[in-house]
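# Observations on the model geometry
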Amino acid sequence: MGKEMMSWTVSDAVDYKGSPADKSKTGGWVPAALILGIEIVERLSTMGIAVNLVTYLGGTMHLPSSTSANIVTDFMGTSFLLCLLGGFLADSFLGRYKTIAIFALIQTLGTGMLTLAVSLPQLRPPPCHRHDVNCQPAKGSQMGILYMALYLIALGTGGLKSSVSGFGTDQFDEKDDKEKAQMAYFFNRFFFFISIGTLTAVTVLVYIQDEVGRSWAYGVCSVCMLIAILIFLLGTKKYRYKKSSGSPIVHIFQVIFAAIRKRKMDLPYDVGMLYETTNSEATRIQHTQEFRVLDKAAIVAEGDFEDQYGSCSAPNPWKLSTVTRVEEVKMMARLLPVWATTIIFWTTYAQMITFSVEQASTMERSIGSFQIPAGSLTVFFVAAILITLAVYDRIIMPLWKKWKGKPGFSSLQRISIGLVFSIIGMAAAALAEQKRLTVAKSMGRHSSSTNLPISVFFLIPQFFLVGAGEAFIYTGQLDFFITQSPKGMKTMSTGLFLTTLSLGFFISSFLVSVIKKVTGSNGTNEGWLADNINNGRLDLFYWLLAVLGVINFVIYLICAMWYKPRKAKSAIQMENAHTKNAAEEKC
């Protein structure tokens, strides 16, 4: 009877009352779908704002092109960077459920404030053509309200992204074959549904912004998020909650600080003398020779142990770490070269929602009597992602398996393909911009026309190529960082993956500022990134990104050849490494 009862509960999860989670009453597809709903709305709001924000900053707030682009990339970069904060709070204090609820409310507050910012005439400058001599840009106070709204949204996005996918997978028991299969299905559909959210954002929501009004569009985002929160809260009694073993960031710092503290000590000749709490091959990670300086964290020294409960001494984790914990940090360190060489892709990606949208705003976008919103050109970007995923899943994988006997490309191969697509995409963008500038020049060097007689569909190749690249690099990065990281640090490694997006946006802002300063140093508005892109040389900026992409790709190949993928056996060996407490083992 006891075994039968145990089979109906999940060993590492509890219900909302704190009792062992009953499989018949908690978890499964319905709660996971409620969680997925809040992520779809988050994607709808964030992307709906980001892909069309540059046209609002230029057309309504009268800001220069480079400034507008940097505001968008800084906003997106901060959103992804704050995933680390959200993950830390979820792992250390709040748990995933509370983190999702709190940060969803913060994002709702941000979209509500943004609705107010675009609605009130007092919060924007008087209407005029942005390139007129007497056209005044937005004041500091007006931009201050806008910044506050955007960064509240960024904070909410960061908190949500850090926990939604993890809390969704918490609803399935990995030890149950049936539920494990359901979890795999959940993962497969997760990226698909957020892509649908993005597709809706760049079509329906952007259309509402341009044709009905931004206040209506952002108001829709606020209402949708409120509804999603209510639906999410309705599932409280149905969710499974898993306790965290602590923040991986803290564990990493503990190893580093312990190693620094013992930096002058000599490593023993026999690695068996380093501190470890178990000899079981199933739970420990074998010592490696790389990054040996970190091994000093596992040297046992006087004062490393502290008395507990009078008769039991336990190691101070800031002074002494196990070999397994040290090896986990080494595993994370080995990921860093690949991590660093994937950042440039997201710098390329940033151009698709900034300068490429501004290019589109100057071109002929009519299909009959219908005017395509400039921000909606990113629909080709999302379509490329969905088409590429379908082709890879249905055609490439079966053929590759038949030819090589492997179920598709490895994660490192997918990343390399994504990098190549981004390089070709930037070259295509440069050629399209050369064509657009030729038309602009034929109409007069200082033409400010927003309807140059050149079809916006010349931009499709750059959107499609970079979109196809994202399909490969996003799935490749996610697979690489999850499968090659320690089991107890998978949340941390996902956050590490998301920081590549963040840094890619920030590097874009940095490059734009540098290029603006260097090429426009003659004291005029001319330069590669002129305030009026018809007077600039955006094509040269795209060629620069293509060249940087080639250099980065060569470095990536060197890093990929240096990296030795971890065997599947290691994942089994690590399965329980983080769940065992060193003090308990010693006692």
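Anyway, here's the lowdown on the structure attached to this text. Everything numeric here is computed off the predicted structure, so don't read it as measured data. (Residues numbered from 1 in each chain as written. Predicted model: local features only at pLDDT ≥ 70, side-chain atom pairs only at ≥ 80, totals over all residues. Heavy atoms only, no water.)

The next subject is the overall build of the chain. Along the chain, the regular secondary structure elements total 17 helices and 8 strands. Excluding contacts between residues fewer than 6 apart, the proportion of contacts in the chain whose partners are at least 24 apart in sequence is 81%. (Helix = DSSP H or I, 4+ residues; strand = E, 2+ residues; numbered from the N terminus. Contact = heavy atoms within 4.5 Å.)

Once that is clear, we can look at a positive patch on the surface. Together, Lys17, Lys25, Lys237 and Lys238 give the surface a local cluster of positive charge. Tracing the backbone shows Lys17 in the loop between strand S1 (9-14) and strand S2 (20-22). Look at Lys17 and you get exposed, because its relative accessible area is 62%. (Patch = residues over 30% accessible without salt bridge, like charges linked within 9 Å, V, L, I, M, F, W, Y side chains within 5 Å. Areas by Shrake-Rupley, 256 points an atom, 1.4 Å probe, with all protein chains shown as cover. Salt bridge = Lys/Arg side-chain N within 4 Å of Asp/Glu carboxyl O. Lys, Arg positive; Asp, Glu negative; His and termini not counted. Charge placed at Lys NZ, Arg CZ, Asp CG, Glu CD. Buried < 20%, exposed > 50% of the residue type's maximum accessible area, 1.4 Å probe, protein only.)

Now for the packing of helix H9 (residues 343-352) against helix H15 (residues 538-562). Axis separation between H9 and H15 bottoms out at 10 Å; the angle between their running directions is 160°. With respect to each other, H9 and H15 are oriented roughly antiparallel. The interaxial crossing formed by H9 with H15 has left-handed handedness. Counted together, Ile344, Thr347 and Gln351 of H9 and Phe541, Tyr542, Leu545, Leu548 and Asn552 of H15 form the full contact between these two elements. (Axes fitted to C-alpha atoms, helices over the stretch in contact; angles between N-to-C directions. Parallel < 35°, antiparallel > 145°, perpendicular 65-115°, else oblique. Left-handed = near helix turned anticlockwise from the far one by under 90°.)

Here we take up the packing of helix H8 (residues 323-340) against H15. Where H8 contacts H15, the axes come no closer than 8 Å and their chain directions differ by 155°. Judged by the inter-axis angle, H8 sits roughly antiparallel to H15. You can see that H8 and H15 cross each other, and the crossing is left-handed. Touching Arg334, Pro337, Val338 and Ala340 of H8 are Asn552, Tyr556, Cys559 and Trp562, all from H15. The residue inventory of the contact of H8 with H15, partitioned by class, reads 6 nonpolar, 1 polar and 1 charged. (Nonpolar A, V, L, I, M, F, W, Y, C, P; charged D, E, K, R; others polar.)

The next point concerns the packing of aromatic side chains. Per the counting criterion, the structure on display carries 33 aromatic pairs. Each ring, one from Tyr275 and one from Phe305, has its centre 5.9 Å from the other, and the planes form 80°; the classification is edge-to-face. One end of the pair, Tyr275, is in the loop between helix H7 (248-261) and strand S3 (305-308); the other, Phe305, is in strand S3, with 30 residues separating them in the sequence. By relative accessible area, Tyr275 is classed as buried at 10%. Its relative accessible area of 26% is what places Phe305 among the partly exposed residues. A ring pair is formed by Tyr474 and Phe497, whose centres lie 5.1 Å apart and whose planes are at 85°; its orientation type is edge-to-face. Here Tyr474 is found in helix H13 (residues 460-483), whereas its partner Phe497 is found in helix H14 (residues 490-519), with 23 residues between them in sequence. Each member of the pair, Tyr474 as well as Phe497, is classed as buried. These aromatic residues form a ring-pair network of at least three members: Phe80, Phe345, Trp346, Tyr349, Phe381, Tyr474, Phe480, Phe481, Phe497, Phe505 and Tyr563. (Phe/Tyr/Trp six-rings, centres within 6.5 Å; stacked < 30°, edge-to-face > 60°.)

Turning our attention to unusual backbone geometry. Excluding glycine, residues mostly carry a negative phi; peptide bonds, for their part, are mostly trans. Within the chain, His62 stands out as a residue other than glycine whose phi angle is a positive 60°. For His62, the location among the structural elements is in the loop between helix H2 (29-59) and helix H3 (65-119). Overall, the relative accessible area of 6% leaves His62 in the buried class.

Moving on to the nonpolar core. Residues Ile38, Leu57, Phe232 and Phe541 are the most contacted members of the largest nonpolar core, which totals 137 residues. Ignoring sequence-local partners within four residues, the contact set of Leu57 consists of His62, Leu63, Ser68, Ile71, Val72, Met143 and Leu146. (Core = buried A, V, L, I, M, F, W, Y, C linked by side-chain atoms within 4.5 Å.)

Glancing now at the pattern of salt bridges. This model, assessed by the stated rule, comprises 16 salt bridges. Put simply, Glu39, Glu42, Arg43 and Lys161 are held in one network by salt bridges that share partners.

A word on the pairing of strand S8 (residues 452-455). Side chains Leu452 and Ile454 project from S8 onto a buried face, and the interleaved Pro453 and Ser455 project onto a face without burial. Strand direction decides the pairing type here: strand S5 (residues 363-364) and S8, joined by 2 bridges, are parallel. Bridge assignment links Glu364 to a residue of S8, and that residue is Ser455. (Pairing = 2+ DSSP bridges.)

Examined against the element boundaries, Arg414 turns out to sit in helix H12 (residues 411-442). At 2.7 Å, the side chain of Arg414 forms a polar contact with the side chain of Asp479. Setting aside residues up to four positions removed in sequence, Arg414 forms contacts with Tyr392, Phe409, Phe472, Ile473, Thr475, Gly476 and Asp479. (Polar contact = N/O pair within 3.5 Å; in protein donor to acceptor, adjacent residues only side chain to side chain.)

Two strands pair when backbone bridges link them, and S1 and S2 are joined in this way by 3 bridges, in the antiparallel orientation. Directly across from Val10, in S2, lies its bridge partner Ala21. Connecting the antiparallel pair S1 and S2 is a turn made up of 5 residues, with Gly18 showing a positive phi of about 95°.

The next subject is the environment of Leu496. With respect to the secondary-structure elements, Leu496 resides in helix H14. According to the relative accessible area criterion, Leu496 is buried, its value standing at 12%. When the C-alpha atoms of Leu496 and Leu81 are compared, they prove to be 9.2 Å apart, with 415 residues separating the residues in sequence. Look past the residues within four positions of Leu496 in its chain and what remains in contact with it is Leu84, Met332, Leu336, Trp339 and Phe481.

A few words on the side chain of Glu433. Looking at the element boundaries, Glu433 is found in helix H12. Among all residues touching Glu433, those that are not within four sequence positions of it are Gln359, Ile533, Leu538, Asp539 and Tyr542.

The α-helix winds at 3.6 residues per turn, so residues separated by three or four positions along the chain end up facing the same way. Over its 25 residues, H15 extends 36 Å from the first C-alpha to the last, a length consistent with the 36 Å expected when each residue adds 1.5 Å. Among the residues of H15, those classed as buried are Leu538, Asp539, Phe541, Tyr542, Leu545, Ala546, Gly549, Asn552, Phe553, Tyr556, Cys559 and Ala560. (Expected span 1.5 Å × (residues − 1).)

As a further point, take the environment of Thr277. Positionally, Thr277 belongs in the loop between H7 and S3. Considering only alpha carbons, one finds Thr277 and Val323, 46 residues apart in sequence, at a separation of 8.6 Å.

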